[in-house]
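Each chain is listed here by its residues.
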Amino acid sequence: MPSVKIPPVLRKHTGDQMSVEIAGSNVGEVLNALVSQYPDTGGQLFSGEGELNRFVNVYLNDEDVRVLDGLETAVTDTDTVMILPAMAGGSTN
Amino acid sequence: MSPEQAEQQTVEEITPQEAFTELDAGGVKLIDTREPYEYEESHIDGSELIPPGVIADRIAVAVPDKSQRIILQCRSGVRSYDAGQVLQELGYEDVASMAGGILEWEAQGLPVESNVNLTPAQRDRYSRHILLPEVGVEGQIKMLEAKVLLLGAGGLGAPTALYLAAAGIGTIGIVDDDVVDASNLQRQVIHNTSRVGTPKSSSARQTIEELNPDVNVIEYNFRLDADNILEVIEDYDIIVDGADNFPTRYLLNDASVRLRKPVVSASILSFDGQISTFVPYEGPCYRCLYPTPPPPELAPSCSANGVLGAMAGQMGLLQANEVLKLVLGIGEPLVGRLLLYEALGTRFTELKVRRDPKCPICGPDAPEVPESEMGQFPDYEAFCGGHTGS
Ligand SMILES: [Zn+2]
């Protein structure tokens, strides 16, 4: 199964797991399956219209899925899907 | 006139102090009769370089009026004296040679333009840089002339500032309106226990000055906002963004693209760090990566989060490394690349970041910003607030 890298801000919604294995044949399927398994991740990932939020980048291996086929981008078992929300600088005071 | 007669002509000699007084009063043409490499090392402000081998050819263009007062100056006063004879032979009527040359000028403490040669103490201090062929004396001089602005003397800025100061970055600006708190000391290694309660910018300055007297530290003990950002950043070559809040991060991006300033930008959270280098129009900007900030409820920086101190230090030093490469013009900065570091696994991952053709700031359709609106930015304070000090 493809593995999904979970960013620090979402780990509280995935039982502190940094990486989870999620089945799916394209990026959209994988992310939707992630949300059904860990529902609280949904708010960060998708807008009300089901689009990827623009403040979250999703990468397939080292490439932004927006320059591939977006949520339709095909995923194989050896691929890594990385969720990358915007992070601001430091660690707070 | 025979060559013998020309050599016997005397040229008026004046002391550096007399030359300084004349130059200060104005109406004098100062000509530096040395070689270009010497001129580059240091020269007197306002002087024109005409090497001795070409002075007879070039003087007519440089000084068309033969009654113009001319002061000639070289390294020690020999070549300028000879040049004076040449000029007198050509009919120049009011020529003086500065006795002792720029050596004596400098020995008397008179000002020179960017004393770019290294002192013996500097050659010693920076010898491990100078030994690197990619750096050398020239590279070290670039560092001493570089001006780097750090947003925040916090988790990222503290280690970055220490290493930039040690490297001999000549001017380091520090923007931070916070004071040192005991909870900072776990990672903000530029501060120390006795400075708890003092402003971070002055604590950082104290440490830097003790570490390296070559560094000029400029404190900005306030927060950057739309009204002051252009004024603060315009004097700097490179900006290091350790801002811990989205308003400042977006404001800095937009301002730095306008002024075409490279920004090295890292962020940290718990065991994870990311870093990229944004060089306007050469690579993507921050908005190409993230066109809009997350809403406050989803912004991770709005509440206190834990961070492993050593990881903050590693990201801070990656920032310093990026800055030094940009200053030296060597290697491959992280332009168009986002480097992720995961400290628990000790794993680095590199992602591609491309310029977004629809980027509202650096894209081809981004509106031209008229001069009158250069300092005007949207209100980024509308969400989340926060501090500059990570
Ligand atoms: Zn852009």
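I will try to describe carefully the structure that is included in this document. (Residues numbered from 1 in each chain as written. Chains lettered and ligands numbered in written order. Predicted model: local features only at pLDDT ≥ 70, side-chain atom pairs only at ≥ 80, totals over all residues. Heavy atoms only, no water.)

A short note on the overall build of chain A
Tallying secondary structure elements over chain A gives 2 helices and 5 strands in all. Walking chain A from its N terminus toward its C terminus, one meets helices and strands in the order β-β-α-α-β-β-β. For 93 residues, the compact-globule formula gives about 12 Å, and the C-alpha radius of gyration of chain A, at 13 Å, lands near that figure. By its C-alpha atoms, chain A is 40 × 25 × 25 Å across when sized along the principal axes. Burial status across chain A gives 56% buried among its 93 residues. Contacts in chain A between residues at least 24 apart in sequence constitute 44% of all its contacts with a sequence separation of at least 6. Side-chain charges of chain A comprise 5 positive and 13 negative groups, with the mean position of each set lying 10 Å from the other. (Helix = DSSP H or I, 4+ residues; strand = E, 2+ residues; numbered from the N terminus. Rg over C-alpha atoms; globule rule 2.2 N^0.38 Å. Buried < 20%, exposed > 50% of the residue type's maximum accessible area, 1.4 Å probe, protein only. Contact = heavy atoms within 4.5 Å. Lys, Arg positive; Asp, Glu negative; His and termini not counted. Charge placed at Lys NZ, Arg CZ, Asp CG, Glu CD.)

Remarks on the coordination of the zinc ion
Residue and element names in this part refer to chain B. Here the zinc ion is held by the protein donor atoms C285 (SG), C288 (SG), C359 (SG) and C362 (SG), which lie 2.2 to 2.4 Å from it. Coordination at the zinc ion is tetrahedral, judged from the 4 donor atoms that bind it and the angles of 94 to 122° they form at the metal. Given the relative accessible area of 6%, C288 is considered buried. (Donors = N, O, S within 2.8 Å, 3.2 Å for Na, K, Ca; no water. Tetrahedral: all angles 85-135°; square planar, octahedral: opposite > 155°, others 65-115°.)

What about the sheet that holds strand β8 (residues 216-220) of chain B?
Two modes of strand pairing occur in sheets, parallel and antiparallel, and in both the strands are linked by backbone hydrogen bonds. All names here are of chain B. If you walk across this open sheet you meet the 8 strands as β8-β7-β6-β9-β10-β11-β12-β13, and the pairing is mixed. Across the chains shown, the open sheet's two edge strands, defined by having one partner strand only, are β8 and β13 (347-352). Across the sheet, the axes of successive neighbouring strands diverge by a mean angle of 15°, strand direction being ignored. Here 7 bridges tie strand β10 (residues 263-269) to strand β11 (residues 272-278), and the two strands are oriented antiparallel to one another. The partner of L269 across the bridge, within β11, is D272. On top of the sheet, helix α13 (residues 246-258) reaches β6 (147-151), β9 (238-241) and β10; it is set at about 165° to β10, its chief contact. (Pairing = 2+ DSSP bridges. Axes fitted to C-alpha atoms, helices over the stretch in contact; angles between N-to-C directions.)

What to know about the sheet that holds strand β5 (residues 80-85) of chain A
Residues and elements named next belong to chain A. The sheet built from 5 strands is open, its strands ordered β2-β1-β5-β3-β4 with mixed pairing. Every other strand in the sheet has two partners, leaving β2 (19-21) and β4 (63-64) as the edge strands with one partner each. Note that strand β3 (residues 56-60) and β4 share 2 bridges and pair antiparallel. What sits directly across from Y59, in β4, is D64. Relative to β5, helix α1 (residues 27-37) is tilted by about 65°, and along the sheet it contacts β1 (3-5), β2, β3 and β5.

Points about the packing of helix α9 (residues 136-145) of chain B against helix α15 (residues 309-328) of chain B
When two helices pack together, their arrangement is given by the angle between the helix axes and the distance between those axes. All names here are of chain B. Here α9 crosses α15 at 115°, and the two axes come no closer than 9 Å. Here α9 is positioned roughly perpendicular relative to α15, judged by the angle of their axes. The hand of the α9/α15 crossing is right-handed. The residues of α15 that touch α9, namely those facing G139, K142 and M143, are L324, V327 and L328. Class assignment of the residues belonging to the contact of α9 with α15 gives a composition of 4 nonpolar, 1 polar and 1 charged. (Parallel < 35°, antiparallel > 145°, perpendicular 65-115°, else oblique. Left-handed = near helix turned anticlockwise from the far one by under 90°. Nonpolar A, V, L, I, M, F, W, Y, C, P; charged D, E, K, R; others polar.)

Some points on the packing of aromatic side chains
Residue and element names in this part refer to chain B. Evaluated as defined, the whole model comprises 8 aromatic pairs over all chains. Each ring, one from Y220 and one from Y236, has its centre 6.3 Å from the other, and the planes form 75°; the classification is edge-to-face. With Y220 in strand β8 and Y236 in the loop between α12 (229-233) and β9, this residue pair connects regions lying 16 residues apart in the sequence. Between F246 and Y250, the ring centres sit 6.4 Å apart and the planes meet at 40°, which makes this aromatic pair tilted. Placement of the pair is F246 and Y250 together in helix α13, with a separation of 4 residues, close to one helical turn. Exposure class is identical for F246 and Y250. Each is buried. (Phe/Tyr/Trp six-rings, centres within 6.5 Å; stacked < 30°, edge-to-face > 60°.)

Overview of the nonpolar core
Where a protein is soluble and globular, its nonpolar side chains tend to be buried together. Residues M143, L164, I169, I172, I174, I208 and V323 of chain B are the most contacted members of the largest nonpolar core, which totals 40 residues. Counting only elements with at least two residues in this core, the list comes to β6, α10 (157-167), β7 (171-175), α11 (200-211), β9, β10, α15 and β12 (337-342) of chain B. Looking at this core element by element, the count peaks at 8 residues for α15 of chain B. The contact partners of I172 of chain B, leaving out residues within four places of it in the chain, are V148, L150, A161, L164, A165, V215, N216, V217 and I218 of chain B. Judged by nonpolar contacts, the second largest core, of 25 residues, contains L34, F46, V65 and I83 of chain A. (Core = buried A, V, L, I, M, F, W, Y, C linked by side-chain atoms within 4.5 Å.)

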